[in-house]
Structures are given as C-alpha cells and as structure tokens.
Amino acid sequence: MYLNNHSYYSLRYGTISEEELLDLAIHEGCTHFALTDINNTSGCLNFVRRAKEKNIKPIIGVDFRNNTKQCYVALAMNNQGFLEINNYLSKHLHNKTPFPDQAPHFENVIIIYPFENVMELGKVTFASNEYLGVRAKDIYKLKFSSLSSLTKKLVILHTVSFRDKRDFNTHRLLRAIDTNVLLSTLPPTDQGSPNDLMYSRKEIAQVFKDYPSLIENTNNLLQECKIDFNFSKDKPSQNLTTLLKSPEADYKKLLELCEKGLKERYEVVDNIIKGRLKKELDLIKRLDYVAFFLINWKIIEYARSKDYYYVGRGSGANSIVAYLLRITDVDPIELDLYFERFMNLYRATPPDFDIDFSTWDREDVTDYIFKEFKGNHQVALLGSYVTFKHSGAVRELGKVFGLPKYEIDKLSDGRYDPNSLDDIKKLVLKYAQVLHGRPNYTSIHAAGILISSKPIHYFSATNLPPKGFPTVQFDMHIAEDVGLYKFDILGQRGLGKIKDAVAIIKQNHPGITLPDIHNAKEFFTDDRINEMISQADCIGCFYVESPAMRMLLKKLGVRDYLTLVAASSIIRPGVSKSGMMREYILRHKDPKRAKQKGHPVLLRIMPDTYGVMVYQEDVIKVAHYYAGLDLGEADVLRRGMSGKYRSREEFLQVKEKFKNNCISKGESIAVVNEVWRQIESFAGYAFAKGHSASYAVESYQSLYLKCYFPLEYMVATINNGGGFYRTETYVHEAKKKGATVHPPCINTSDIQTTIHGKDIYLGFQHLQTFEKKNIVLIINARIDGPFKSLDDFLERVPISLDQLDLLIRVEAFRSIKDNQRSLLWEAHYKNNARPSIDNQKELFKVSITSFKLPEFYIPDVEKAFDQIEILSLSLYDPFILLESIPTIKILAKDLYLHLNKTVEIYGYLVTANNTGTSNGNRMSFGTFLDYNGDWIDTVHFPPSLKKYPIQGKAVYKITGKVVAEFDFITIEVTTLERQHYRSDTKTTAFYNPKGGPKDNDNHSPFKLIK
C-alpha cells in the first residue's frame, strides 16, 4: 500500500527516521513497507536490518527528483536491482546532471511514474517493469483519461514524508534552510504537500474504493520485491577476500613475506618468535584474514617505494605478522603484546590497522588504493553524517525567520532571558531542539576506505566530493553491521615534520649520513635522547610536547622506551579520571607500594604496570582472569566502554556476569565495585598497548631529530603547522636552541621557512595579508639575481603600495637598507612619482629624482608591534612591550628555592587548558614563559579563576604558592594581573642625526633575543 516513503535521509526534506517509519508501518499492520528517499540511499541498509527485526518485509529504492520535481520512483526487485539503482543514481550525482524525464531500461527494478508526469510526457506505452502511480488528487483526472484503461499498470503512489503538522512545519524550515530563503518567501513548488502523511490503510482503501485493481496491483507489486543483506553475528566479511589468484596463493605469499621479515627484523629467531608466528598464522588463515594482511602490506610497499613516512598503530601493533610485513614498527615480542587484543576466535568484529601518513602523502596513497583495487568499482571512501547541533540549528533557523545577526548570536550563545522572548524567538528555539541530532548533509569519514569483494554500489550509491574519490552514503557503524570493514588511512602532521626534517638536515648539512629513522630501536637506548625526555625537553615532538605530557614525563622521570609507552596511555583522560595515574606514578617510584596497596590478583595479571590498568588489553585480562569471562565476553566488555555499545543488551548482560562471577569467587562487593569503577572510568579512553607503543616509536623518531638537529627540526615543525602550540612557541624554541630567527627577507626567504646554517628565515606565508601572487612574483624575479635596491625591486615586481608597505614594515628589505622608516618615505614618494604602466615594459628607464633623507631611529618596541600585526608573532622578547618595567626579578629556575611559599613572578602566556571539576566548576592549567624563556606551570582553582580569569595572550603578574609533586614544580595561583602594553602609536620613531637610540629601551633588564 505504501510505495513511496521518505526518512530524514531525504536530506533537508524528510523529518522521520527510518526506524520511526517502521514503527508507523507496524502500527498500521503492514507486512511489507518501502523506503524510497530522495536521491539518497543512506538509510537503506539500516532500514533492511531493522525491518527484519520487526518482521516486516523491507523494500528499498529511490525517489528520483530534479530539485523537488519528482521524475519517478524506483523500487529494487532484488539485490541486483538495488545495484542497478545505485549505479544510475551515482552516475548522475558524480556528474551533477539532471535525471531524464523517463528512466532507462532496468532488468531488476520497478519504475513508477507519477500520473501528472505521464500526462505531460504523453507516455502511452509502458515496459513490463513500468507502472503508473496515482495519488488521491489524481482520481478525478483519471476518470476522464484514456490511461484509466491501463488497469494492470495502475498503482497507488501515496507519499509519506510527515507524521503531523509539526513534521510539516519542520519540513518547510528545512526547505527554507536548503534554498537559503526566508520562510515567508518559500515557494510552494519548493516544498512537499501537507497531505504527505501516514494515512491508515482503511483511509487509503476508502479513497480508491472505486478502483479495486489499484489496491490489488499495489499489493502485488510489493510482493514482487525481495531484498536481503546478512546482519547476523556470523555474517561473512564483504571485504576483498583474495588478493592473488586463489586463497592458497595468498597464503603462500604471506608465508614468504614472513620468512623475509624474520631475517630483516631479528638477529636471532628463537622458539618464542617461531611459536608466536605459528600461532598468529594459524589464526589468520582460520579466520580468512590472509588477504586483509596482504592488502595492508601492498599499501605499505607502495608507500615505502615512494619513501613516505608512516606509522601503523592501533591494536595491529600487537601482531608479529604485521611487524614482519612492516605494517607496524613495534616488536610485539619485546613488549609482550597481547595478540588476542587484535585478533581472537571470539572477537565479534574483524581487526583493523590505523596507518598514518603525512597529510600530503596520504592523498597519493589514497589515490593508489583506488587505482590498485578498483576492480569492478569495488573501492570507496566511507561516509559520515553531519548532524544539526543546537547552536548551528539556531543560527540557520534565525536566518530563515529573518532575525538580525546580533539577535541570532544571543540565541545561539544562550545569552537571553527566557521570559523576554517573543513568539519568533520561541519558535527558533523550539525547532532547533527538533532538528538537533538529525542529519543535515553527508560527509566523509576521517580515514576509512572500503575495499569490497562486490561492486560498492551493491550496498549504496556514492557521492563524489571535491577530492574526487567516490564516497558511500552510510557511516562506519552501518558498514560494520553489513560486513564491510574499513581500512584506516589517516593524515598526521607529526610524520610530515619527520620527513621534512630529514630533507632539511640533508640540505643544511651536505654529505651527512643519517640513521634509518624507521628503525627506532637504537634511539631507545640513546642516553642524550633519554636525558632530554627526563627533562621534558620535548617541544615540537610528537605526542610528548603538551603541558600535561611535559608534567607527566618529569613526574615519572621517564628515561626509557617502555616507560614512555606507559606514559602515552596513562595520560589519557580515563586513567587520570580514575585516579590511577597518580597511583601508577607512586608505584613506579616505589615498586614495593604495589604489593602493599595493590590487589594481588590484579598485580599478578599486570605485573609490568604494577597492577594498574593502563591499556585496553588490561580490561580483557581482568575480565578473563579475574572475573572468569570468556575472551568473547571480555571483548564485548572492552567494546562496550565506548558510548555506542554501552547501552546494548549484550554489554549489560556481561556487566552483570562480571560482578556475579567475582562475588561468587569470594570477592567483597566493595572490591568488585572498585575494580569495576576503574574499568568503567578509563576503558573508553584507554589505548591498546600496541597503539601506545606505536606512538612512542614516533615520539622517539622525532626526539632523535630534535636532540641532534634541533634547528632543522624546528623549521620542519613550523612548516607543518606546528603542533600543540602556536608558531610563536616553536620560533622561541629555535632561538633557545641557538638559532637566529629573521623575519621574511626579499632576497633570502621562500614560501615556507628556511634555514641557512644557524640562520632561520621565516617564509612569506607568515605574512598574514600578503597576497600569494606577490610571493610568486618575488621568487620568480629573484631567479635573475638578488634585488639590489628599492628601484630594482619595483622594476622587477609590480606590487601595490599597501603590499609593499607590509614588506618594508616587517624589515623584508633589510638586505638592501636597514632603516625601514627611511625606506617607507622613499617608497611612498616613488609610488606617487612613478607613472602607472601595468601591462607594458618601459623602453627607457624613467629617472626619478632622489632625495637624501635623514636617518630615522625606530625602537625595537615599534618593530615588535609591526611584527605582531603582520606576522601574528614577534621575534622580540614580549617583555619589551610592557608599559612599565617590573621590579621583581624571580625566574622559573629559582622556584625550587621557594617551595610552599607565596611568590610573585612575571610570565608570558603560552597556553591555558580549561577543565571541569567533579562538582561542575571550571578550573585551568596555565603555561607561561619567564624572562629567560623558561617554563612556568600554574594551577588556577575555581575561586581564583573566577576572580582572576586568564584574558588572552599577554604578560601576567602571577602571585601564588609554589608547590611540588614528584619534583614537578607548579604555582597555585591566588591572583593574576594582566600587564598593560605600551600604546602602538608609531610616534616613537624620530630623527636622530647621530643614528643612536634616544628612548630608554637599552636599560631594559629583560633578555632580548633577536
């Protein structure tokens, strides 16, 4: 009876979820029901799954429309028909072409034309799979039409898009948002009919009572359609299952690669290694994951052939086969990694590798995957849904209701009195709540790629985003449910830093021989590197540079790889929240404490972490060995700690069994509840140990480069967009390591930052409002030699005065003339005197009278303000900007002399991290630099933070108590005063006939690094 039904995946049109549609069908006693979203198949697979659970026969298809004009409705007769529909839809979505008025020939698809369209087209003949859809409003016309004689071709085409008036109002708002018009001006042609409701079957039968054949034809049509996908727990994988000619050939290849890897990875292959390899290979073959490993190996082989830097991380690092195939660089034997975390007979979902590449390399690797495995259109990016959030929905609705921006801002930010709202604003807030969480548009998963054994359109139509890779219209959860498991290819700036640093080092040190960065084992025992880690001298280095990590490294006194692996996991929110991070530090510093305070069973299960749960594997171990759950149940428990699975029935059952088993073994309820609390508080955030180990490997790679080539590494860091901090911090770090950092220079700088010996030149890209075309002009003109004068520059680079002004004020002409004020006068004069000829070269050089200008002195403070304006950072000490000179000279290095005392110290804010307390108040952790550029770490408890908020980047006078925990010094702030900067009036530069300074910059007590 219901052939054309829309869910909210009819994006910015429909208002009902696919599951809500099924509930409506159940209410009407339907045994068959169709989902036909507009130009979209996002809801189809989940609709099929949920319909089977509700004992409804699902039918899926597409309502093909050009904008809102309906062309025809297509219903898949079977899975091949769904493939045909998806091929057709995808072709038009990719090419952005309208659908023709008449559908092409389909083998396994039913096409239903709306009655009005047939009348317009004058269509009188219909193929065996084509039907004529009649709505209630068409009955009167049908009586007087010759089409009424086509009794076997007539079916009911009632559209269901809404449940009630509120749904229709929501629909109109969505249409106004989509078409970007005021709701009051939304044309009727851009919206559906208010009658597109779920009328009862009795009501529909009453409307068509004079045409019983329509009702019969419609029911027969529903009977003809049958679609099925396997969503059972034992469903087969839909991924590509054979890489070579046969499974036997695949396994033979895998054995060859492992034998080769053994020789490359291990000097001595003992029985432990052999036994581990045999165990893994047997399980890989038994679970049919041979092709899975070979596909990842093939991707890595391509990356290695292009000299791309990568990290294979996640629980995949627990596999020796992955290590031998160089998918990961973590030795699972060395770390005693738990292979069952990655793959076991009980695991409900297949394993996956997370492989990171630098951002640029990732694009090429993705392109390679699409070309190498395309087959019969078998590769696609995984999709995702961008849903309406309350704040964004308020903004969109405010616009369609015609509210001014300042009122929209107040509503969006929650800055309003509910009692003073007018009716329009109340409607905005009401419908923002309705839209919240509903899909707005489809997007791309951050990393997932699907490589299917079937054509990808067997499962979904695809969009073609700007990057040019087909993207399925469903998300990772639906993909997993149907047996399509993603390959994660991610982009990461840290790898770009490593790759670029190596290239910069070779350029700045010709002839140098570097160790193989991929083989990080020799770095683990390097005393210089480990000393640097113990002092938390890690700015710019992957995963170990943040203030929180800097604090942890010093508290733990990390001096080796294994402790860094643990640190990479206990820094995660869950371990900290459970209170076990502090307990881990105490036990690390005093191993006897583990026996005194720890649970004997937990200590026996996790001796390497002193009986503290640190890794995801620990949840499995505790559940298996402590609570007596089997490995399948233990893995359900681990997965259940993430939000999506926590409410699932199977998780709740395992939770109950966990507690009952422990109590039946004689454990006290208090102990069981405490163990459960630790599991629950951190498991959703914890890393797999192999994942932490992968991160630690990359940390050591970057630490090696920072330790031995700090200047080059900082340049690579700046060129890759920094890391945790702003560019300014990495510039400061380079200066501390001995570099002289220069602003951009017309004769030396490139687009990106460059280094020559110990001189670092910021790239032109750091000039905030400088036009890209001018950067290209300067670099191209410099091919003919350096610029020798302002006249020479102006003759070779056609540039506007405002752009020239930026270059002069940032001292980019200092290789020509070091007095920028004189140069500005000269530039302005010559700009006014020179004739404007943009498109024609001069036959003769125009002589412009030169005047000898006096020398102008420009104080450093004015240059610093110019750099802040133009570069968004200053190469000068920030303390020279202060209006008054502080009299307090205490430095960060002196704080240990003032333990448990209140001090006053001045610091330049680097970053502040706000967080919530257990009772919902806000507190903050601050990071500052003192006069010498050393770190000051602060804690701002709620009362202090509320009274003395951190007010942006500036120098602050910090007053507070000096405290130390595990030798890490912090100031507990009682007051915080932002210091005033001098006014940037540009009046401090003046004529000085002797060329010397005449202000009082020189008696500044602060260290000035230029």
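Residues numbered from 1 in each chain as written. Predicted model: local features only at pLDDT ≥ 70, side-chain atom pairs only at ≥ 80, totals over all residues. Heavy atoms only, no water.

Novice: An account of the packing of helix 15 (residues 390-400) against helix 17 (residues 423-435) is requested, with residue identities and associated values reported.
Specialist: Put simply, helix 15 and helix 17 touch, their axes get as near as 8 Å, and they point 130° apart. Taken as axis vectors, helix 15 and helix 17 run oblique relative to one another. Of the two elements, helix 15 crosses helix 17, and the hand of that crossing is right-handed. On helix 17, the residues that touch His390, Ala393, Val394, Leu397 and Gly398 of helix 15 are Val428, Leu429, Tyr431, Ala432, Gln433 and Leu435. Class assignment for the residues of the contact of helix 15 with helix 17 results in 8 nonpolar, 3 polar and no charged. (Axes fitted to C-alpha atoms, helices over the stretch in contact; angles between N-to-C directions. Helix = DSSP H or I, 4+ residues; strand = E, 2+ residues; numbered from the N terminus. Parallel < 35°, antiparallel > 145°, perpendicular 65-115°, else oblique. Left-handed = near helix turned anticlockwise from the far one by under 90°. Contact = heavy atoms within 4.5 Å. Nonpolar A, V, L, I, M, F, W, Y, C, P; charged D, E, K, R; others polar.)

Novice: Explain the side chain of Ser17 to me, and be specific about the residues and the numbers.
Specialist: By secondary structure assignment, the location of Ser17 is in the loop between strand 1 (4-5) and helix 1 (18-27). Since its relative accessible area comes to 9%, Ser17 is described here as buried. In contact with Ser17, not counting residues within four places along its chain, are Ser7 and Tyr8. (Buried < 20%, exposed > 50% of the residue type's maximum accessible area, 1.4 Å probe, protein only.)

Novice: Account for the pairing of strand 9 (residues 310-313), with residues named and values stated.
Specialist: Here strand 9 shows a buried face lined by Tyr310 and Gly312 and a second buried face lined by Val311 and Arg313. One ladder, built from 4 bridges, connects strand 9 with strand 10 (residues 354-357); its direction is antiparallel. In the strand pairing of strand 10, Arg313 is matched with Asp354. (Pairing = 2+ DSSP bridges.)

Novice: Summarise unusual backbone geometry; cite the residues concerned and give the values.
Specialist: Even without glycine at this site, Asn39 takes up a positive phi of about 50°. Its location among the elements puts Asn39 in the loop between strand 2 (32-38) and helix 2 (44-53). Even without being a glycine, Asp288 presents a positive backbone phi close to 60°. Turning to its location among the elements, Asp288 is positioned in the loop between helix 10 (271-286) and helix 11 (290-305). For Asp288, a relative accessible area of 61% corresponds to the exposed category.

Novice: Got a sec to walk through empty space enclosed by the protein? Specific residues and values, please.
Specialist: Per the counting criterion, the structure on display carries 4 cavities of 30 Å³ or more. Of the voids in this model, the largest cavity is the one considered here, and its volume is about 130 Å³. Lining the largest cavity are 14 residues, with Ser237, Asn239, Leu240, Tyr289 and Phe292 positioned closest to its centre. Among the elements that make up the lining of the largest cavity, the one with the highest residue count is helix 11 (3 residues). A per-class count over the lining of the largest cavity returns 9 nonpolar, 3 polar and 2 charged. Put simply, the second largest cavity is a space of about 90 Å³. (1 Å grid on protein atoms, 1.4 Å probe; cavity = no way out; pocket = protein on both sides within 12 Å on 5 of 7 lines; lining within 4 Å. Points joined across faces, edges and corners; volume = space filled by probe spheres on them.)

Novice: Tell me about the sheet that holds strand 24 (residues 968-978), residues and numbers included.
Specialist: The sheet built from 5 strands closes into a barrel, its strands ordered 20-21-22-24-23 with mixed pairing. Between one strand and the next, the sheet's axes are offset by a mean angle of 50°, whatever the strand orientation. Across 7 bridges, the pairing between strand 20 (residues 902-916) and strand 23 (residues 955-965) is antiparallel. When the sheet's bridge partners are listed, Gly907 is paired in strand 23 with Tyr956. Lying over the sheet, helix 22 (residues 547-556) contacts strand 20, strand 21 (922-929), strand 22 (935-940), strand 23 and strand 24, oriented at roughly 145° with respect to strand 24.

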